[in-house]
Each structure stands twice: as C-alpha cells, then as structure tokens.
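Topology and contacts: notes
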Amino acid sequence: MSNDKNIKSAGSSPPSGGLGGYIKEVFTAVKSMLVGMRRTGYYFTHHKEIITQQYPDNRETLNLPERFKGEVVMPHDEKNEHRCTGCQACELACPNGTIKVIFKNEVTPEGKKKKAIDKLVYHLELCTLCNLCVVACPSDAIVMAQTFEHSVFDRSKLTKVLNNPGSKIMEGVE
Amino acid sequence: MLSFSEIANSIHEWLSSHLNNTWTLVVEMVIAGVLVISLFALLGLILVIMERKVSAWMQIRLGPNRVGPKGLLQSFADTLKLLVKEGMTPGGADKFLFNFAPFLAMIVAMLLMAPIAFAKDFQLWNINIGVLYVTAVSSISVISILMAGWASNNKYSLLGAMRSGAQIVSYELSAGLSILSVVVLTGSLSLSDIIASQQNGWWIFKGHIPVLISFVIFLIAVTAETNRAPFDLAEAESELTAGFHTEYSGMKFALFFLAEYINVFIVCAIGATLFLGGWMPFHIGNWQGFNNVMDYIPSSIWFFGKTFFLIFVIMWFRWTFPRLRIDQLLNLEWKYLLPISMFNLLLVTAMAILGWHF
Amino acid sequence: MNGHTIIFYLLALLTLGSGLLAVTSRQLFRSAIYLLFSLIGIAGIYFWLQYEFIAAVQIVVYVGGIVVLIIFSVFLTHQAGEKLPVPKVSNQIIGGVAAFCTMALIMLQLFKYSYKPTAAKPIEPTVANIGEQMLGTETGGYALPFEVVSILLLAALVGCIIIAIAPPNLPRGEEKAR
C-alpha cells in the first residue's frame, strides 16, 4: 500500500537510504494511507456530519452558511432611514458597473442645500456577487443578503432600486 | 436445517428420478445458467446502489434518496433507463468487434463464477486447479477491453485500452504471487481443498504476518486488475472522458458496467476464499460454546458476509485515494509490490517447510 | 454420436474455423482476435480431455501473454487500422504448398503410428505430481530442461533491463530528449 509514498517519490527520484530507507518509505506510506482511510471511515460511520441540504424540501429550515452571498441590499431602520450618503464609493468599486447612484438636492431644516441619493440602482443581472461594493462602503450602508431565489420571467425585474421610496438618510451619518 | 447443498441434492434426485442421465445434466446446466444470470443481475443492482451509498457517506453526502425507500430502488431506475436507451455504433467502428466486446467481458465474468464455492458443498464446478483457472480466465478480460478500445476507432478509447492492458498485465504478477503464498501453505490449487484447510482457523490468522502482507498485496493488485480507483487510469474521466467505453451507450455500456462489478465480486470472493476461509465459520481455539454459536450461522451467510466486507474495503480505497499517474502506477508495481511479494513468498515457503504456522 | 463427441466437434470447429479466419482476414487486429479464439478452442479441447492444468496454462501463456503482446504490437504499429493488401499469387501458392506439406507429414506420421495400450497406471495430473515431475532428477524428471529454460528467461530479463536502462553519465535533460 504505497500510493501516497509514490506521489512523493514520483518519477525519477529513487528511494534514498538503501534498504532501510526503502522499508521506512513503505511503512510511512502504509501509515499515511491508514490515516486517509480513517478519515473516510469516520465520515462513513458518522452520518451527522452530512452537509447535504435537500433544498426544495427544507425551504423553511434551510441552513445557509454564514458567508453565503445572495444579493446586495440596503438595510432600512423602522423610521425608513438608511445610511447611504451617496459617496459613490460602491459605484467606483464595482468592476462591471452594477451600481448607479442617482442624486437629488434636498433642503435641510436649516435651509441649506444638501446632496442626497434619489435612487441607488442595482443591476442584479450584471452582479457577480464579488462583495467589493460592501467592502468599499465607508458607512456600511449596503450589505449582502442571503436570498438566492432570483429567477423572474422578465429581465427588467432584475434591475432594482435599493433605497425604499421616501426614505431618508439616518441622522448623524455623514 | 435448509441449506443450499440440500436443495441442490433434492433437485438432482427429483430430476434423475424423472429423466435419464443426459437430460438431467442438460436441465441442471440450464438451471445453473439461469441462476448465474439472475445472480449477476442481482449483484449488479446491489453493488451499484452500495457503491453510490458508500461513496456518498464517505464524502459527507446523502446519496440517492428519491427512488424507493431511502433511494434503494435507484439502480432499478438506472437499469430501466439503460434498457430503453439506443445502443449506438459509431460510423468508423469495426462493427463486429465493437458489438462483441461487451459480451466477451460478460462471458469471462460468467466463466469465473464456475469454481467459486458459495456455501458448504455448493459449487458449480469443483475443478482441481481452481485458483489457476481463475487467474487464467481473468486474464482474458483484458482482451475485451483492448477489443473495445480498438474497435471504437476513438483515440480516447484506444489510450484507455492500452493503459488498462499495461496495468492488468503488470498487476497480474503480484496478484498471482500473493495467491501463491496461500497455495504454498495449502499444497493444493483446488478451492475446496483450500477452504477445507482452514477448518481450524483462517489463513490470515494462521499464517502470521507474511500472509497478512500477501493479503494486503492481493487487495491492492486486484483493485488495479479490476480497473477501479485509485487505479482507474483506463477510464480516467478527466483525461480520457470514459476510456475504453467512451463510445458505448445503452445496454452495451451496461454490460461493461455490470462486468466491472461482477469482476469486483469475483476477486473479493476469491480473496475471501483464500485468506478468510470462504464459507468456514469463525472459530476461536477451544471455546466450544462460541464455536457452536458460529457454526449455527449458515455457511452461505459467512461467504457472502466476507465477500461483501472485502467489496466494502475496495470501495473504501476507491473513495479515499486520488488516482495514480501512469508512472506512479508502474513504479508501485515493479519497485514495491513485486519485490515485496517475491520476498514474502520466500518467507511463506520457509514457513510452510518449517511448519511455523498453526 | 453422443454429447461428448458433439462437444469435441464443436471445439474443433471453433479452433479450425477461427484459425482459418485468422490467416484470411485482411485486418491485422481481427486476425489477432481470431487467433485468440483458436487458442481458446485448443484450451477447450484440453478441458474436454480433463487436462485442466495444461488447459489453464494454455490460457495463461497464450491468451494472457502472447495474444496480449501481439495486440499491443498491433496497437503500436503505424497504420495498423488499414486493410492489408492481398498477397501476391506466387506467395499464396508457396504458402499453401508449405502448409499442405506440413499437414501431410503430420497426418502420415499419425496414421502410421500404432497406438499401444500401456499397462502402467496414468499419473494423476495433480499439482503435486506435476511439480515433482517438473523438478525431478530421476528418469522422466524435467529438472535440467526446467533450469535451462529459467536461465534463458533470466538472460532475456537482464537483456531487457540493459536495453531499457539509461546511460548513467548523461545529464537529466539529455536523457529526456533521447
């Protein structure tokens, strides 16, 4: 049983160390094979390790891994406020132009004019879910959601506006 | 107690009381043929679902679980699919050889069934050179692979066939030498004699470490001879699509597939017979009570239990180790297995002459 | 004509028919396959005679060894898939005459020889007997031929290794290029 050993000493390098080296090599090979077989044997007998998700059946109890990325969303709090300042960092960071920021001018209670986002347009059909926009955002306005059932009958439905209608920027976020 | 040999004897008596000698023989041959074919079909169904379940559990998956209870009827569905599929013959192929190759593979597998003792006194052909017969006939199986590879007129098939030829021819040596070590200890080539010699303990226990080494070498060599991973270079999917059966479809493909599993069963049955005592129950020295309990289990269950254990070990190999490259494969045989098994045979011979085994 | 004879004629038909096909086929690979069946037919006749050991050795040596070797050389031959040209008429005639003369000679000897029943009991073809006969040094033993053949095979093996081994003084790159 010396598969693993042969992978190490593959090709032309001859076993070194004469007969003793040869015997040692065979023993290490057998040992390393037994280690591999113990691992698979463990998995074979411990069915609780099985990671298969029987997806359409367990839709309610589906257990997605923490880092699974489904789409970009912008979280809003209960007062319909978001954290996006419209800095365009995400738009610049996106490698394939998925995000477009459309501005509007807003008047603050003090009477100053202030630039704010009108719409944050997100093209899911172009997105590769690379997470670069989320990393680039200085105010953590966008995050990756775990929804993944995105199929629709019309491509235009994949173009989404991330901020809710009538939403405002949160107090204190600059 | 109802046993296979009693059933066979009563059938023989009933037939010979109704027919003359020749017709008894003919009817018995027909019955044996039908039984062998149905055993093939059954083994195919069982081994395929077993392989899929074992592979799934070893890879932390669930495996087939839709058809039937816990997916156990999956192989019926697969067989049905293969049966209704069209068997294509490529335009540039050598039609006669292309269509003949899968049948040759099956014929060889069938011939190999003959000397195997399935239970106590239950054997199709008690030939006095059983072991040699098995090694001889199994060497024909390489011809069917070479034939399929050549007749397909496809470079992948041809490459796969040549690889498998080189592999089988070289691993036959160490398989033969490890079989010889048991033959040396028994002094007979007949499978029934070999089983009878293990009455007081299986060779793997009686023969100490040398027989254990030859058992391990036997397992490795037969894994290579049946073209199974980690030695499946003949059908390496990533390099040769499917190797020698790239061009086969439908029932002709199914025959190759079935022949592979039947060959696995046969080599495991031979391994169980040589090293694990065939249908002999497990006995420990003088523990009369324990031995009597073991004797109570039917011999066929012992045989199939041991065989399926070895099949499981070979599947375990398959789903644990990565595939070897062709140079690693030949290195393993010629630089490691062959010298070790030759030296080991020498040890076993010395042991047999000096009587150092139990 | 009982079952025994029928089986003999079937085996003879397989041997002779596939032998004939092996020499008449225009495709090299098919010839090798027909040769295989001819050899299997001979092994079948040994089985029919209940010389199981000889039959198994016939299969091991000829089918597992020689035919596989032939098929490998066919695979490695250039343009092996093409049909061979029909040989010249003169060659065909010479070959036919040679084959006929050989067959006539063998047949003549066979029919001239008178078979005498022997009183000695036939040796049981068991493995132990064959082994003792093979290495026996007394009359009827084959120890000397056995050893001579072993030396021949050893010489062949050493020769193969000498041819296959790379000259040790060559650097690695050159060795690959060879």
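Quick note: structure is the one above.
Cut-offs applied
- Residues numbered from 1 in each chain as written.
- Chains lettered and ligands numbered in written order.
- Predicted model: local features only at pLDDT ≥ 70, side-chain atom pairs only at ≥ 80, totals over all residues.
- Heavy atoms only, no water.
- Helix = DSSP H or I, 4+ residues; strand = E, 2+ residues; numbered from the N terminus.
- Buried < 20%, exposed > 50% of the residue type's maximum accessible area, 1.4 Å probe, protein only.
- Expected span 1.5 Å × (residues − 1).
- Polar contact = N/O pair within 3.5 Å; in protein donor to acceptor, adjacent residues only side chain to side chain.
- Contact = heavy atoms within 4.5 Å.
- Axes fitted to C-alpha atoms, helices over the stretch in contact; angles between N-to-C directions.
- Parallel < 35°, antiparallel > 145°, perpendicular 65-115°, else oblique.
- Left-handed = near helix turned anticlockwise from the far one by under 90°.
- Nonpolar A, V, L, I, M, F, W, Y, C, P; charged D, E, K, R; others polar.
- Buried area = accessible area lost by both parts, 1.4 Å probe.
- Pairing = 2+ DSSP bridges.
- Salt bridge = Lys/Arg side-chain N within 4 Å of Asp/Glu carboxyl O.
- Core = buried A, V, L, I, M, F, W, Y, C linked by side-chain atoms within 4.5 Å.
- 1 Å grid on protein atoms, 1.4 Å probe; cavity = no way out; pocket = protein on both sides within 12 Å on 5 of 7 lines; lining within 4 Å.
- Points joined across faces, edges and corners; volume = space filled by probe spheres on them.

All names here are of chain A. Assignment of secondary structure puts Val30 in helix H2 (residues 18–45). Overall, Val30 belongs to the partly exposed group, its relative accessible area being 25%. Considered as a pair, Val30 and Gln88 are 58 residues apart in the sequence and their alpha carbons are 59 Å apart.

A few words on helix H2 (residues 28–48) of chain C. All names here are of chain C. Along its 21 residues, H2 runs 30 Å from first to last C-alpha, staying within 8% of the 30 Å computed at 1.5 Å per residue. Extensive coverage of H2 is indicated by the burial of 15 of its 21 residues. One or two positions beyond H2, positive phi appears at Gln50, with a value near 65 degrees.

A word on the side chain of Thr226 of chain B. All names here are of chain B. Along the chain, the position of Thr226 falls in the loop between helix H10 (208–225) and helix H11 (237–240). According to the relative accessible area criterion, Thr226 is buried, its value standing at 9%. Only 2.8 Å separates the side chain of Thr226 from the backbone oxygen of Val222, close enough to count as a polar contact. When residues no more than four places from it in sequence are discounted, the contact partners of Thr226 are Glu260, Asn263, Val264 and Val267.

So, about the packing of H10 of chain B against helix H14 (residues 299–318) of chain B. Residue and element names in this part refer to chain B. At a minimum axis separation of 11 Å, H10 and H14 run at an interaxial angle of 65 degrees. In terms of axis orientation, H10 runs roughly perpendicular to H14. As H10 runs across H14, the sense of the crossing is right-handed. Residue-level contacts link Phe215, Leu219, Val222 and Thr223 of H10 to Leu310, Val313, Ile314 and Phe317 of H14. Here the contact of H10 with H14 is composed, by residue class, of 7 nonpolar, 1 polar and no charged.

As a further point, take the interface of chain B and chain C. Taken residue by residue, the interface counts 27 residues in chain B and 27 residues in chain C. Summing both partners gives a buried area of about 2,300 Å² for chain B against chain C, and 85% of it is carried by carbon and sulfur. Together, Ile143, Trp150 and Met162 of chain B form the three largest contributors to the area buried by chain B at its contact with chain C, with a combined 25%. Mapped by element, the contributors of at least two residues to the side of chain B that touches chain C are helix H4 (95–113), helix H5 (130–138), helix H6 (141–151) and helix H7 (155–186) of chain B. Split into classes, the residues belonging to the side of chain B that touches chain C amount to 23 nonpolar, 3 polar and 1 charged.

Attention shifts here to the sheet that holds strand S3 (residues 99–107) of chain A. Residues and elements named next belong to chain A. Spatial ordering of the open sheet is given by S3-S4-S6, a layout of 3 strands whose pairing is antiparallel. Sheet topology places S3 and strand S6 (159–161) at the edges, where each strand pairs with a single neighbour. Strand-to-strand, the axes of this sheet are offset by a mean angle of 25 degrees, without reference to chain direction.

Turning our attention to the interface of chain B and chain A. How big an interface is tends to be stated in terms of the accessible area lost upon association of its parts. Contacts between the two partners involve 29 residues from chain B, matched on the other side by 28 residues from chain A. With both sides pooled, the region where chain B packs onto chain A buries about 2,600 Å², and carbon together with sulfur makes up 65% of that total. Counting the surface chain B buries against chain A, the share from its top three residues, Trp57, Ile60 and Tyr336 of chain B, is 28%. At the boundary of chain B with chain A, the tally comes to 1 salt bridge. The salt bridge partner of Asp57 of chain A is Arg66 of chain B, with a shortest N-O separation of 3.0 Å. Seen at the junction of chain B and chain A, the total is 8 residue pairs in polar contact (both at pLDDT 80 or more). Elements supplying a minimum of two residues to the side of chain B that touches chain A: helix H2 (21–58), H10, H14 and helix H15 (326–354) of chain B. Per element, the largest residue contribution to the side of chain B that touches chain A is 8 residues, and it comes from H15 of chain B. Taken together, the residues of the side of chain B that touches chain A sort by class into 20 nonpolar, 4 polar and 5 charged.

Nonpolar side chains in soluble globular proteins generally cluster together in the buried interior. Of all hydrophobic cores here, the largest spans 116 residues; its most connected members are Met113, Ile143, Phe265 and Leu274 of chain B together with Phe29 and Ile71 of chain C. Tallying contributions element by element places helix H12 (residues 250–275) of chain B first for this core, with 16 residues. Counting residues in hydrophobic clusters, the runner-up holds 18 residues, among them Val72, Ile117, Val134 and Leu158 of chain A.

Another point: the pattern of salt bridges. Residue and element names in this part refer to chain B. Scanning the model with the defined rule gives 8 salt bridges over all chains in all. Across the salt bridge formed by Asp78 and Arg52, the nearest N and O atoms sit 3.0 Å from each other. Pair noted here: Asp78 is in helix H3 (residues 74–84) and Arg52 is in helix H2, with a separation of 26 residues, a long-range link. You can call Asp78 partly exposed: its relative accessible area is 24%. Arg52 gets classed as partly exposed once you look at its relative accessible area, which sits at 33%. Residue Arg228 is joined to Glu260 by a salt bridge in which the shortest nitrogen-to-oxygen separation is 3.5 Å. Remark: Glu260 occurs in helix H12 and Arg228 occurs in the loop between H10 and H11; sequence separation between them is 32 residues. Here Arg228 matches Glu260 in class, with each residue buried.

Rolled over the atoms, a probe as big as a water molecule pinpoints where empty space is left. Residue and element names in this part refer to chain B. Across all of its chains, the model carries 5 cavities of 30 Å³ or more by this definition. A volume near 420 Å³ is recorded for the largest cavity. Taken together, 30 residues form the lining of the largest cavity, with Ser138, Ser141, Glu225, Thr226 and Asn263 sitting closest to its centre. Put simply, the parts of the chain that give the lining of the largest cavity at least two residues each are H4, H5, H6, H7, H10 and H12. Split into classes, the residues belonging to the lining of the largest cavity amount to 17 nonpolar, 9 polar and 4 charged.

Attention now moves to the pairing of strand S4 (residues 113–123) of chain A. Side-chain positions along a regular strand alternate between the two faces of the sheet. Residues and elements named next belong to chain A. Alignment of S3 against S4, held across 9 bridges, turns out to be antiparallel. Bridge pairing in S4 places Ile99 opposite Tyr122. The pairing of S4 with S6 spans 3 bridges and is classified as antiparallel. The residue of S6 that forms the bridge with Tyr122 is Lys160.

In short, the description is geometric, and any link to function would need to be established separately.
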